[in-house]
Amino acid sequence: MNAINSILVQSHPLEGWFFGSGKALVVLAVALILLIGFGLWMWRAEARLKKMEAKLNQKTSRES
Amino acid sequence: MAHNVWKIGGFALITYVLVMVFVVPMGPGLLELRSTEGTFISEEMERPIPEYFLTGFATHWNEAPDQLSVIVRSQSNLVQLQVIEVLDDTHARIGVSLPYSLPSKSWDVLINHPVDGTLLLENGLFLSDRFIDESLALPALAIEEFAADLPFHFPYQPRILETIRNLMLHVPMWFTMFVLMGIAFVASIKQLATSRSMVEDEKAEASVKAGLLFGILGLITGSVWARFTWGAWWVDDPQLNGALVTVLVYSGYIVLRNSIDNAPLRARLSAVYNLFAFIILIILLMVLPRFTESLHPGKGGNPGFNSYDLDSALRAAFYPAVIGWILIGIWMYRINLRFTRLNKLLK
């Protein structure tokens, strides 16, 4: 029976634990938070760029 | 709002892909049939029979343990093995009671199960201690094959196993890099054609910077995948080395740009450099690895995922991943371009 136990322990315990215990869902939640955070950051960056471009255009049109 | 739909769409697609990657289960397969070096004595058998240990992957043997049947096959010869005990969903004790004289040393292992269907492990049983007579024919065996009764799942691939999920992250990185470097290539051609304006040069610069990021992410995801399937973070392979050289060549583009102060000269030189960089990209990643031996799928005689095992479940996640990452990449390029232009105007 010892041989069987050693084989049981060797056969991919990490993946089984990762998906079987629900840890995969925690990783998914963290990944989604990071992805959504990155998306919002890009959205805000673009909005700020838009504002700065508008200000710069106003300034250049006033100067000319 | 309408002109932002594609940006939201890109992130929505990647959200969907991530959910698929972490939630969809793997399909079943057989990992190994290994001798326990022990024997088993049943009430019906007079002599002890060698005991083996069958290991499945994502199988469901506990759901109908009595209906698990294990068969070994060599050409047209089939022999049913005795299932001693089903230990759990993926492990069972098997008695291998084959005669001393056999037609072959090497046997395929098949299992039949009402949930998992029929699974095959090629050359799963090797018997070196038998007398081999290739003309031998064992008694015929009638087998009823079960159709699998499984929910939506990713296909089982030997060795790749769970890491098949990385397909949705690793391959789209390179596709996105190709698209962005393609944009830079076109911009560089336009820059050389209309050398007075710097607009195309700015486009090429912004596109290469965004593409380089995806190239580096492709190297990282590929290295992690290699560690778990080939056993090393990096192997001496034409595809891997080609990918690294390509990233270094494009890093050289950034260095070249930063080393020239004269703007028109910088635009012209970096446009010429970029044309050669894109040709090197095509040669190193798409041409050379196909003519040499390579471990990488789709290269050097290895079949790609698309040819036989990119099944409908993988396609449902892989294609949205490619489209989603490309959309995000293009958005990053556009932001980078606007930032570069604004920066120049403020200077």
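See the structure above.
Attention in this report is confined to the structure presented alongside it. Counting of residues starts from 1 at the beginning of each chain's written sequence and follows it residue by residue. Ligands are numbered from 1 and chains lettered from A, in the order in which they are written. This being a predicted model, a pLDDT of at least 70 is required before a residue's local features are given, and a value of 80 or more before pairs of side-chain atoms are given or counted; all residues contribute to the totals for chains, interfaces and linings. Processing note: side-chain calculations cover all non-hydrogen atoms of the structure and skip hydrogens and water entirely.

## What about the overall build of chain A?
Logical step 1: Put simply, DSSP H or I for four residues or longer makes a helix, DSSP E for two residues or longer makes a strand, and each gets a number counted from the N terminus. Broken down by element type, chain A carries three helices and zero strands.
Logical step 2: Secondary structure elements of chain A occur, N-terminal to C-terminal, as α-α-α.
Logical step 3: Going through the 64 residues of chain A one by one, you find that 19% of them count as buried.
Logical step 4: When the accessible surface of chain A is split by element, carbon and sulfur atoms take 67% of a total near 4800 Å². Residue burial is assigned from relative accessible area. The probe radius is 1.4 Å, only protein chains are included, and a residue is buried under 20% of its type maximum, exposed over 50%, and partly exposed in between. Note that accessible areas follow from Shrake-Rupley with a 1.4 Å probe, and for residues the cover is restricted to the protein chains shown.

## Topic: unusual backbone geometry
All names here are of chain B.
Logical step 1: A positive phi angle, close to 50°, is found at Gln 75, a residue other than glycine.
Logical step 2: Topologically, Gln 75 is positioned in the loop between strand S3 (69-74) and strand S4 (77-88).
Logical step 3: Gln 75 gets classed as exposed once you look at its relative accessible area, which sits at 71%.
Logical step 4: In this structure, Arg 159 is a non-glycine residue whose phi angle is positive, near 70°.
Logical step 5: Along the polypeptide, Arg 159 turns up in the loop between strand S9 (131-132) and helix H2 (167-193).
Logical step 6: The class for Arg 159 is exposed, based on a relative accessible area of 71%.

## Re the pattern of salt bridges
Logical step 1: Salt bridges are identified by distance alone: a Lys or Arg side-chain nitrogen within 4 Å of an Asp or Glu carboxyl oxygen. Inspection of the entire model under this criterion finds 15 salt bridges over all chains.
Logical step 2: Ionic pairing is found between Arg 34 of chain B and Glu 32 of chain B, a salt bridge with its closest N-O pair at 3.2 Å.
Logical step 3: Arg 34 of chain B sits in the partly exposed class, given a relative accessible area of 31%.
Logical step 4: A salt bridge links Lys 203 of chain B to Glu 200 of chain B, with the nearest nitrogen and oxygen atoms 3.7 Å apart. Here Lys 203 of chain B and its partner Glu 200 of chain B are both found in helix H3 (residues 199-229), three residues apart, which amounts to about one turn of the helix.
Logical step 5: By relative accessible area, Lys 203 of chain B is classed as partly exposed at 24%.
Logical step 6: Owing to a relative accessible area of 13%, Glu 200 of chain B belongs among the buried residues under this scheme.
Logical step 7: Residues joined by salt bridges that share partners form a network here, namely Glu 46 and Glu 53 of chain A together with Lys 7 and Arg 338 of chain B.

## Re the interface of chain A and chain B
Logical step 1: Two residues qualify as a contact provided that any one of their heavy atoms is within 4.5 Å of a heavy atom in the partner residue. On the chain B side, the residues contacting the 27 residues of chain A number 33 residues.
Logical step 2: Buried area, as used here, totals the accessible surface that two parts lose on assembly, with accessibility defined by a 1.4 Å probe and the loss added over both. Taken together, both faces of the contact between chain A and chain B bury some 2900 Å²; the carbon and sulfur share is 80%.
Logical step 3: The partner of Lys 7 of chain B in a salt bridge is Glu 46 of chain A, and the shortest N-O contact between them spans 2.9 Å.
Logical step 4: Any pair of N or O atoms that falls within 3.5 Å is considered a polar contact. Within protein, one atom must be able to donate a hydrogen and the other to accept it, and sequence-neighbouring residues count only if both atoms are side-chain atoms. Scanning the region where chain A abuts chain B turns up three residue pairs in polar contact (both at pLDDT 80 or more).
Logical step 5: Counting residues per element, the ones that place at least two in the side of chain A that touches chain B are helix H1 (2-10), helix H2 (13-20) and helix H3 (23-63) of chain A.
Logical step 6: Per-element tally for the side of chain A that touches chain B: the top contributor is H3 of chain A, with 17 residues.
Logical step 7: Residues are grouped as follows: Ala, Val, Leu, Ile, Met, Phe, Trp, Tyr, Cys and Pro are nonpolar; Asp, Glu, Lys and Arg are charged; every other residue, Gly included, is polar. When its residues are assigned to classes, the side of chain A that touches chain B shows 19 nonpolar, four polar and four charged.

## Focus on the packing of H3 of chain A against helix H1 (residues 5-23) of chain B
When two helices pack together, their arrangement is given by the angle between the helix axes and by the axis-to-axis distance.
Logical step 1: With their axes 10 Å apart at the nearest point, H3 of chain A and H1 of chain B run at an angle of 170° to one another. As far as their axial angle goes, H1 of chain B and H3 of chain A are roughly antiparallel. Where H3 of chain A approaches H1 of chain B, its residues Ala 24, Leu 25, Val 27, Leu 28, Ala 31, Leu 32, Leu 35, Phe 38, Gly 39, Met 42, Trp 43 and Glu 46 of chain A are matched on the opposing element by Lys 7, Ile 8, Phe 11, Ile 14, Thr 15, Leu 18, Val 19, Phe 22 and Val 23 of chain B.
Logical step 2: Tallied by class, residues from the contact of H3 of chain A with H1 of chain B come to 17 nonpolar, two polar and two charged. Here an axis means a line fitted to C-alpha atoms, over the contact stretch when the element is a helix, while the angle between two N-to-C directions is reported on a 0 to 180 degree scale. Angles below 35 degrees are treated as roughly parallel, those above 145 as roughly antiparallel, those between 65 and 115 as roughly perpendicular, and all remaining angles as oblique.

## With respect to the pairing of S4 of chain B
All names here are of chain B.
Logical step 1: The sheet contact formed by S3 and S4 spans five bridges and is antiparallel. Bridged to Ile 71 within S4 is Gln 80.
Logical step 2: The antiparallel hairpin formed by S3 and S4 contains two residues in its connecting segment, where Gln 75 sits at a positive phi of about 50°.
Logical step 3: Should DSSP find at least two bridges between two strands, the strands are taken to pair. Pairing between S4 and strand S5 (residues 91-95): five bridges, direction antiparallel. From the neighbouring strand, Glu 85 faces S5, where its bridge partner is Arg 93.
Logical step 4: Hairpin connection of S4 to S5: two residues between the antiparallel strands.

## Some words on a positive patch on the surface
Logical step 1: Put simply, a patch holds well-exposed residues, over 30% relative accessible area, that have no salt bridge, with like charges counted together within 9 Å and Val, Leu, Ile, Met, Phe, Trp or Tyr side chains within 5 Å. Asp and Glu count as negative and Lys and Arg as positive, but His and the ends of the chain are not part of the count. We put the charge of a Lys on NZ, of an Arg on CZ, of an Asp on CG and of a Glu on CD. On the surface, a cluster of positive charge is made up of Arg 44, Arg 48, Lys 51 and Lys 55 of chain A.
Logical step 2: Residue Arg 48 of chain A is classed as exposed on the basis of its relative accessible area, which comes to 52%.

## Concerning the packing of aromatic side chains
Both the distance between ring centres and the angle between the ring planes are used here to describe each pair of aromatic rings.
Logical step 1: For this analysis, a ring pair means two rings from Phe, Tyr or Trp (six-membered ring only for Trp) whose centres lie within 6.5 Å, classed as stacked if their planes differ by under 30 degrees, edge-to-face if by over 60, and tilted for the remaining angles. Summed over the entire model, instances satisfying the criterion amount to nine aromatic pairs over all chains.
Logical step 2: Seen in terms of ring centroids, Phe 38 of chain A and Trp 41 of chain A are 6.1 Å apart; in terms of plane orientation they differ by 20°. Their pairing is stacked. One end of the pair is Phe 38 of chain A and the other is Trp 41 of chain A, both in helix H3 and three residues apart, which spans about a single turn.
Logical step 3: On the accessibility criterion, Phe 38 of chain A (29% relative accessible area) is partly exposed.
Logical step 4: Residue class for Trp 41 of chain A comes out exposed when judged on its relative accessible area of 57%.
Logical step 5: Summarising the aromatic geometry, the rings of Phe 185 of chain B and Phe 278 of chain B are spaced 4.6 Å apart at their centres and angled 25° between planes, so their arrangement reads as stacked. Linking Phe 185 of chain B in helix H2 with Phe 278 of chain B in helix H5 (residues 263-291), this pair joins segments that are 93 residues apart in sequence.
Logical step 6: With relative accessibility at 21%, the residue Phe 185 of chain B sits in the partly exposed group.
Logical step 7: In textbook terms, an aromatic cluster arises when at least three aromatic residues are bridged by ring pairs, as seen for Phe 38, Trp 41 and Trp 43 of chain A together with Phe 11 and Trp 331 of chain B.

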